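One letter stands for each residue in the lines below.
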Amino acid sequence: MTTGAQAVDTCGGFKRLDVTTPDGLCAAVLADGFKFPRGIQPLSNGELVVVDMRSWEPKQGRVWLLKPGAAGHYEQVLLLKGLDRPNGIVLGPDGLLYLGLVGRIVRFDPKNPEATLIDVIGGKSGVAPLPGRGRHLLTNMRFDARGDLYVNVGSATDHCEGENGAAPTAGQPCAEAEGPQALGVIRKYKLLWPMAMVKDWENYASGLRNSMALAVHPVSGDLWQADNGRDAIQAAMPNLANDNDLPHDELNLIARGANYGWPYCYDANVASPEYPDKDCSAYRAPARLLPAHAAPLGMTFYTGDRLPALYRNSLIIGYHGYRAHGHRLVALLPNSKGAPLGKSVELIGGWHSKPGQGMGAPVDVKQGPDGNIYLVEDRTGRVVRLQVDAP
């Protein structure tokens, strides 16, 4: 492993992040000073679009364009402001940018953002808005190869608790997780192109507490999701001292019509303590258990050839969590069938608080056209690039 604490304090001409990386790789700080960056989208011309939510207060968000300038510097250009808690951003099949707001998805051309800003879902689109309520109201999404759009609709609660944190009633269904307007689901929107007009939508998969991390496999076209597990399970398990290692976060292979068990079951189909008699065999089990409270908020499949061949078609995930398993970037290597179920390799570690550098909290993770990995982290407001540590 290499570290930033060495004689060479730059990485690709930028300040080297003081972290551990595999031999031959380094992490560069491309920009900092953002308030609460939550999304990044590299463009084909080398520019970067950064989504800065700024705060949890409504209509404070901004979108910035980072243009390569002199060596070791990006020029920052403000594209949009006054946005309602912007989060996810993706490049559409039409080459335009699609941005997730609370209750809405909009699209725009970064060359002329204000004049081209159009509602796709919610707003003035004529399509019903996303629910956007409760604890998990932020929007993230991914396009598939056909141009259809998968959108997360997070749960409004942590674990279907009632007012004042009251536990749900065992034996009764969780109202927010049921029915056509259910929360804790992934919706699929069929779009008509080139207008990007919604034809119809469905609840594609359910029982998913918060689907902030989504990725489409580059070969199979399968949709993968990393789910953030519940908090404070020890409150319903008297013999459990704390929840540091329970429940696990999950990696799920998403199938149409499948229910993944939230809030009734956790881990590998174990009945939640609030629903002790629940038959979890009816739900789809995770493809892989991730570390507890790692809090995966962004991920992408690596298809480039810039990083070592070991990482080809691996799933690169940012663990945002502040507990022991968070604040790092990992690669889940493909198994013999190409699924991200092989060895987990730490790409960025040691990202804890240290003099001159706060703890890292990666959110969105994207591959750039140059084959490098770009990410934003919202704790210290940095834009980071993982790349080959060239001399």
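Starting afresh in each chain, residues are numbered from 1 along the sequence in its written order. Selection of residues for local features in this predicted model requires a pLDDT of at least 70, selection of side-chain atom pairs for listing and counting requires 80 or more, and totals for whole chains, interfaces and linings are taken over all residues. Where side-chain values are given, they derive from all heavy atoms of the structure, hydrogens and water being excluded.

Draft legend 1. Local environment of the overall build of the protein. Tallying secondary structure elements over the protein gives one helix and 30 strands in all. Against the 2.2 N^0.38 benchmark of 21 Å for 391 residues, the protein shows a C-alpha radius of gyration of 20 Å, consistent with a compact globule. Along the first, second and third principal axes, the C-alpha atoms of the protein reach 65 × 50 × 40 Å. Throughout, a residue-residue contact means that at least one pair of heavy atoms, one from each residue, lies within 4.5 Å. Partitioning the intrachain contacts of the protein with sequence separation of at least 6 by distance along the chain shows that 52% fall at a separation of at least 24. All accessible areas in this document rest on Shrake-Rupley with a 1.4 Å probe, and a residue is counted as covered only by the protein chains that are shown. Here the protein displays about 16100 Å² of accessible surface, and carbon together with sulfur accounts for 51% of that area. Under the counting rule used here, the positive set is Lys and Arg, the negative set is Asp and Glu, and His together with the chain ends is not counted. For charged residues, the charge sits on one atom: NZ in Lys, CZ in Arg, CG in Asp, CD in Glu. Side-chain charges in the protein split into 39 positive and 40 negative, and the spacing between the mean points of these groups amounts to 4 Å. Here a strand is any run of E in DSSP of at least two residues, a helix any run of H or I of at least four, and the numbering for each starts at the N terminus. The quantity called the radius of gyration is restricted to C-alpha atoms. Its globule counterpart is 2.2 Å times the number of residues to the power 0.38.

Draft legend 2. Representation of the environment of Gly221. Secondary-structure assignment places Gly221 in the loop between strand S18 (213–216) and strand S19 (223–227). Remark: the alpha-carbon pair of Gly221 and Asp243, spanning 22 residues in sequence, is separated by 35 Å.

Draft legend 3. Representation of empty space enclosed by the protein in the model. The rule is simple: put a 1 Å grid over the protein atoms alone, call a set of points where a 1.4 Å probe fits but cannot get out a cavity, call an open set with protein on both sides within 12 Å along at least five of seven lines a pocket, and count a residue as lining if it has an atom within 4 Å of a point. Grid points are joined across faces, edges and corners, and a volume is the space filled by probe spheres set on the points. The tally for this structure, following the rule as stated, stands at four cavities of 30 Å³ or more. Counted as a void, the largest cavity has a volume near 140 Å³. Lining the largest cavity we find 17 residues, and of these Gly229, Glu250, Trp262, Cys265 and Tyr266 sit closest to its centre. Secondary-structure elements contributing two or more residues to the lining of the largest cavity are strand S20 (248–254) and strand S21 (265–266). Each residue gets one of three labels, nonpolar for Ala, Val, Leu, Ile, Met, Phe, Trp, Tyr, Cys and Pro, charged for Asp, Glu, Lys and Arg, and polar for the others, Gly among them. When grouped by side-chain class, the residues that make up the lining of the largest cavity number six nonpolar, six polar and five charged.

Draft legend 4. Representation of the UniProt feature "domain: Glucose/Sorbosone dehydrogenase" (unreviewed entry) in the protein in the model. UniProt positions are given in the numbering used here, feature names are shortened, and annotations may be inferred rather than shown by experiment. Sites flagged by UniProt as "domain: Glucose/Sorbosone dehydrogenase" (unreviewed entry) map to residues 203–385. What you have in residues 203–385 is 0% helix and 36% strand, and the ends, taken at the C-alpha atoms, are 35 Å apart.

Draft legend 5. Just the nonpolar core, in detail. The biggest cluster of nonpolar side chains holds 24 residues, and the ones touching the most others in it are Leu30, Phe34, Ile40, Leu48, Val50, Leu66 and Val383. Listing elements by their share of this core, those giving two or more residues are strand S5 (25–31), strand S7 (48–52), strand S8 (61–68) and strand S29 (373–377). Residue contacts for Ile40: discarding those within four places in its chain leaves Leu48, Val49, Val50, Ile89, Asp364, Lys366, Tyr374, Leu375, Val376 and Val383. Definition of nonpolar core: a set of buried residues of the types Ala, Val, Leu, Ile, Met, Phe, Trp, Tyr and Cys, connected through side-chain atoms within 4.5 Å. In this scheme, a residue with accessible area under 20% of its type's maximum is buried, one over 50% is exposed, and one in between is partly exposed, where area comes from a 1.4 Å probe on protein chains only. Membership of the second largest hydrophobic core comes to 21 residues, among which are Leu17, Val29, Tyr302 and Val384.

Draft legend 6. Representation of the sheet that holds strand S24 (residues 296–301) within the structure. Whether two strands pair comes down to DSSP finding at least two bridges between them. Pairing is antiparallel in the open sheet, where four strands are placed in the order S24-S25-S26-S27. Each edge of the open sheet carries a strand with a single partner, namely S24 and strand S27 (344–348). Neighbour to neighbour, the strand axes of the sheet diverge by 25° on average, direction disregarded. Where strand S25 (residues 315–319) and strand S26 (residues 328–332) come together, five bridges link them in antiparallel fashion. Residue Ile317 lies in a different strand from S26, and its bridge partner there is Val330. To get an axis, fit a line to the C-alpha atoms, keeping to the stretch in contact for a helix; angles then go from 0 to 180 degrees between the N-to-C directions.

Draft legend 7. Inspection of the state of the cysteines at higher detail. Two cysteine sulfur atoms make up a disulfide if the distance between them is within 2.5 Å. The full count for this structure, using the stated rule, is three disulfides. Disulfide pairing places Cys160 opposite Cys174 at an S-S distance of 2.0 Å. In this structure, the disulfide formed by Cys160 and Cys174 twists by about 105° around the S-S bond and is classed as right-handed. Placement of Cys160 in the loop between strand S15 (149–153) and strand S16 (185–192) and of Cys174 in the loop between S15 and S16 is noted, with a sequence separation of 14 residues between them. Each of the two residues, Cys160 as well as Cys174, counts as buried. In this model Cys265 forms its disulfide with Cys280; the gap between the sulfur atoms is 2.0 Å. With the S-S bond torsion at -95°, the cross-link from Cys265 to Cys280 turns out left-handed. Highlighted residues: Cys265 in strand S21 and Cys280 in the loop between strand S22 (270–271) and strand S23 (288–292), separated in sequence by 15 residues. Grouping residues by exposure puts Cys265 and Cys280 together as buried. Ordinal numbering of bonded cysteines along the protein defines a disulfide pattern of 1-2, 3-4, 5-6.

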